[in-house]
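Report on the structure
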Amino acid sequence: MNRRRPPRSASAEELLTTLQHLTSRARREVELHQARVELAEALQSEMLPSSLPSLPGLRTAARYTPARNGLDIGGDWYDGFRLPDGSLAFAIGDVQGHDVEAAAFMGQIRIAMRALAVTAADPGEVVRRTNELLLSVDSGLLATCTFVRVDPFTGELQSARAGHVAAVWATADGRSGTTEDEGGLPLGIQSGEEYPVTTRRLTTSGAFVLLTDGVIEGPSYSIDQGLDAVVRLVRSRVCDDAGELADAILGTAEHTGHQDDAAVLVLRHEALPAAPG
């Protein structure tokens, strides 16, 4: 008499009702996630420049590809614009995270750099001020980036790096390598950070390539292996059109087994004039 009665089995109707509730909730969650992905894609598309500036003797091209799973949108970015003194500015970077917040943060960085570059000619100062501005909004996100200024009148390329991967270069006379520039911490970590500037002379025809780690790092490649592969490619195709070279470099990402998005920015230059004096 003290034995507990077994629980009543759910009827088919009750099971069907429960299943309908679960299916409806799952559908709402999928739709919400898809809406966030579409919003991030739209932000990414609108914030990447539709074209890049160029000059006689300097041709540029950029490529971007999203992550393979189609969900990680909004992390990598690039930019290029003309400055009031006639020089050109270029930037590439990688924002922590891959969602709507990352895409919006990427937009803040692009706008900040464009505004600051008008009043600060020194690339290190542009990156430093950008870092301070981003810290002031307290987003909690961080980003790596490289900012470059090319002066067509002196043949100088100046660059500053905030925790970003090395750039790749090659010249038509057979030299090639990666940049060994000293850099600072990624943006959004520490106030008061300084970003040293490295100056190069573009006195020989060649290519200077900025990229993100999605191009050179993945399950199948270490970052050093990926950089070596891109160096070999750029050296062998240094005289190619900027767009063709950018396509070829982005294609190397397929060998890394990467799941991240990837961006490439190519500066294909002829011998720019040497600095006077």
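So, here's what we can say about the structure. In this text, all values refer to a predicted model and were calculated from it rather than measured experimentally.

Quick look at the sheet that holds strand β6 (residues 168–171)
Ordered in space as β1-β10-β9-β6-β7, the five strands form an open sheet in which the pairing is antiparallel. The open sheet has two edge strands, β1 (58–65) and β7 (176–178), and neither has a second partner. Averaged over all pairs of adjacent strands, the angle between their axes in this sheet comes to 15°, without regard to strand direction. Lying on the sheet, helix α5 (residues 223–236) is in contact with β6, β7 and β9 (206–211); it crosses β6 at an angle near 25°. Each of β1, β9 and β10 (262–269) touches helix α6 (residues 242–251); the most contacted strand, β1, lies at about 30° to it.

Section: the pattern of salt bridges
The final tally for this structure, using the stated rule, is 11 salt bridges. For the salt bridge of Asp-85 with Arg-149, the shortest nitrogen-to-oxygen distance reads 2.5 Å. On the criterion of sequence distance, the pair formed by Asp-85 in the loop between β2 (76–82) and β3 (88–95) and Arg-149 in strand β4 (residues 143–151) is long-range, its members being 64 residues apart. Taking the shortest distance from any N to any O, the salt bridge between Arg-200 and Asp-181 comes out at 2.5 Å. In this pair, Arg-200 is assigned in strand β8 (residues 197–201) and Asp-181 in the loop between β7 and β8, connecting sequence segments 19 residues apart. A relative accessible area of 19% places Arg-200 in the buried class. In this structure, a network of salt bridges that share partners links the residues Asp-79, Arg-110 and Arg-114.

Digging into the sheet that holds β8
Taken in spatial order, the five strands make up an open sheet running β2-β3-β4-β5-β8, and their pairing is antiparallel. Pairing within the sheet leaves two strands with one partner each, and these edge strands are β2 and β8. For this sheet, the mean inter-axis angle between neighbouring strands, taken without regard to orientation, is 15°. Note: β3 against β4, eight bridges, orientation antiparallel.

Some words on the nonpolar core
Grouped together as the largest cluster of nonpolar side chains are 42 residues, with contacts concentrated most on Trp-77, Ile-109, Met-113 and Phe-147. Leaving out residues up to four positions away in the same chain, Met-113 has contacts with Trp-77, Phe-81, Ala-91, Val-126, Val-127, Thr-130, Cys-145 and Phe-147.

Side note on the environment of Thr-198
Topologically, Thr-198 is positioned in strand β8. Taking the relative accessible area as the measure of exposure, Thr-198 reaches 21% and is therefore partly exposed. Through-space distance from the C-alpha of Thr-198 to that of Ala-160 is 6.6 Å; in sequence the pair is 38 residues apart.

What about the side chain of Asp-79?
Inspection of the secondary structure assignment puts Asp-79 in strand β2. A relative accessible area of 2% places Asp-79 in the buried class. Among the polar contacts listed, one links the side chain of Asp-79 to the side chain of Arg-114, at a separation of 2.8 Å. Once residues within four sequence positions are removed from consideration, Asp-79 is found in contact with Pro-49, Leu-52, Ala-89, Phe-90, Ala-91, Arg-110, Arg-114 and Leu-265.

Quick notes on the pairing of strand β5 (residues 156–162)
Counted residue by residue, β5 has seven buried out of seven residues, so it is predominantly covered. What you see with β5 is no split at all: Glu-156, Gln-158, Ala-160 and Ala-162 on one side and Leu-157, Ser-159 and Arg-161 on the other are buried throughout. Two strands pair when backbone bridges link them, and β4 and β5 are joined in this way by six bridges, in the antiparallel orientation. Across the sheet, the residue bridging to Arg-149 is Gln-158, located in β5. Counting the residues that bridge the hairpin from β4 to β5 gives four residues, and of these Gly-155 lies at a positive phi of roughly 75°. Alignment of β5 against β8, held across five bridges, turns out to be antiparallel.

Here is what the cut-offs are and how they apply
- Residue numbers here run from 1 along each chain, matching the order of that chain's written sequence.
- Two thresholds apply to this predicted model, a pLDDT of at least 70 for residue-level local features and 80 or more for giving and counting side-chain atom pairs, whereas whole-chain, interface and lining totals are computed over all residues.
- Heavy atoms from the whole structure form the basis of all side-chain values; hydrogens and water molecules are not counted.
- Strands pair, by our definition, only if DSSP identifies at least two bridges between them.
- Note on conventions: DSSP H or I runs of at least 4 residues are helices, E runs of at least 2 residues are strands, and numbering of each starts at the N terminus.
- Lines fitted to C-alpha atoms define the axes, with helix axes restricted to the stretch in contact, and inter-axis angles between N-to-C directions lie between 0 and 180 degrees.
- Every residue pair with non-hydrogen atoms within 4.5 Å of one another is taken to be in contact.
- Any Lys or Arg side-chain nitrogen found within 4 Å of a carboxyl oxygen on Asp or Glu counts as a salt bridge.
- Only protein chains enter the accessibility calculation, which uses a 1.4 Å probe; a residue is then buried when its area is under 20% of its type maximum, exposed when over 50%, and partly exposed in between.
- By nonpolar core is meant a set of buried Ala, Val, Leu, Ile, Met, Phe, Trp, Tyr and Cys residues that side-chain atoms within 4.5 Å join together.
- A 3.5 Å cut-off defines polar contacts: any pair of N or O atoms within that distance qualifies, except that in protein one atom must be a possible hydrogen donor and the other a possible acceptor, and neighbouring residues in sequence count only when both atoms are side-chain atoms.

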